[in-house]
Amino acid sequence: MRIGLINAYSTLNLGDAAIYSALASLLSGHELVARVRDPDPDPRLGVHFGSHRPRHCSAYVSVGGDIFNNAREWLLTKAFLLNLAELVRHPSRTILFGQSIPRSCHGLSFLALRQCLLALPAVCVRDAQSHQRLRQAGVDARLSFDTAFALECTDAARAEAAALYRSMQLPPDAVAILSVRAFDAMYRHDTASFIQRMAMLCERLVDAGLTPVVLIQSRAYGSDNDLSVAEALRQLVPHLAILDPFQVKSSLPCWAMAMGVLALARHVIAVRYHTAVLALASGVVPYHLHYSNKGRDLCERLQLPGEDLGAFDPARTAQVILSSPPTTFDHQGLRQRVRLDFQHCLEKVGVPVAEFS
């Protein structure tokens, strides 16, 4: 069957790329088609990326994460309306899976989204707050976890990550992987203050004999590009290294390389949500400095160590991280949960469960 992934964003963000590959795994044997804004989408993800929106498909899956951000909170942005239009283009054959309803979607924008979701046969979100908001609004939503939890860290990814660490002359057991991001109106944190506090945290890690390494999770558009923040942080912490999986030549997708890197590191300090997700899917418990409801939900439901980014104190947080031994995470149960939830939703649009691998 031909399955269209609608509202896809970019392959230049590891989280989105991981979601596309997870769906390719969940829908093995089907043809997946999508359109992203990248000039050269990653061909290793198991999805055919075309220049036109998916059409003539047996079913459609609304993908991504916070795509229903509405930058002008008291109005409706063009991007928001276009995303809604995709949802209701083929409503009887469309499901929404693994997304969040962000803070910026409220008032008129939330009412518009609600009307669209009521027309779909299946809606499944990844955080409890989104689930509660939709249920209270009369949408029969299901609660699951992020789609990327369907992925696993392979031996090949671990081997390539080990070679990458060697090429950087970094012993993994002395590395603390960090993710960073810039902030804008969608996520209300001050980027300059964030960089200063992360620098203080990194200095504590260096004093403890660790090398802080920024993992570039996104090289996408606008504030969704980690390079400038990583470079600004390195100016303040000369011992800091930057690891950019988008620049590593490999037959593996970038998200797979990132999973290998996370799996071998001594500590993972996840600011970005999908750094936490990919670490957990690799069997590693991160310390999650979350900046939105999706990250807070992950910490609360999985009882992870972490705190709100706006409140974290670098000295105290460093002490907590350094005094905690690396902890493994049993990811098999979550992987099975996501698969079962996805199968439940696909049944609603006539995709037989028997066709899953």
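See the structure shown above.
Notes on the structure follow. (Residues numbered from 1 in each chain as written. Predicted model: local features only at pLDDT ≥ 70, side-chain atom pairs only at ≥ 80, totals over all residues. Heavy atoms only, no water.)

### Brief notes about the nonpolar core
- By size, the foremost hydrophobic cluster in this structure holds 109 residues, and its most contacted members are Phe149, Met198 and Trp255.
- Those residues within four positions of Trp255 in sequence are excluded, and the remaining contacts are Leu14, Ala17, Ala18, Ser21, Leu45, Leu151, Glu152 and Leu278.
- Cys116, Leu120, Val125 and Val139 belong to the second largest nonpolar core, which has 22 residues in total. (Core = buried A, V, L, I, M, F, W, Y, C linked by side-chain atoms within 4.5 Å. Buried < 20%, exposed > 50% of the residue type's maximum accessible area, 1.4 Å probe, protein only. Contact = heavy atoms within 4.5 Å.)

### A closer look at the sheet that holds strand 1 (residues 2–6)
- If you walk across this open sheet you meet the 7 strands as 3-2-1-4-5-6-7, and the pairing is parallel. Edge strands, defined here as strands with exactly one partner in the open sheet, are strand 3 (48–49) and strand 7 (141–143).
- Two strands pair when backbone bridges link them, and strand 5 (residues 94–99) and strand 6 (residues 122–125) are joined in this way by 4 bridges, in the parallel orientation. By the bridge assignment for strand 6, Phe97 is matched with Cys124.
- Sheet strands in contact with helix 4 (residues 128–136) are strand 6 and strand 7, and its direction is about 160° off that of strand 7. (Pairing = 2+ DSSP bridges. Helix = DSSP H or I, 4+ residues; strand = E, 2+ residues; numbered from the N terminus. Axes fitted to C-alpha atoms, helices over the stretch in contact; angles between N-to-C directions.)

### Re the pattern of salt bridges
- What the rule picks out here adds up to 14 salt bridges.
- Here Asp224 makes a salt bridge to Arg272, at a shortest N to O gap of 2.7 Å. Taken together, the residues Asp224 in the loop between strand 9 (211–215) and helix 7 (227–236) and Arg272 in the loop between strand 11 (267–270) and helix 9 (273–281) connect sequence positions 48 residues apart.
- By relative accessible area, which is 10% here, Asp224 ends up buried.
- Classification of Arg272 by relative accessible area gives buried; the value is 2%.
- Close ionic contact of Asp341 with Arg337 constitutes a salt bridge, the shortest N to O distance being 2.8 Å. Taken together, the residues span about one helical turn, with Asp341 and Arg337 both in helix 12 (residues 332–347) at a distance of 4 residues.
- By relative accessible area, Asp341 is classed as buried at 3%.
- Salt bridges sharing partners connect three or more residues here, namely Arg142, Arg337 and Asp341. (Salt bridge = Lys/Arg side-chain N within 4 Å of Asp/Glu carboxyl O.)

In short, shape yes, function no, at least from these values alone.
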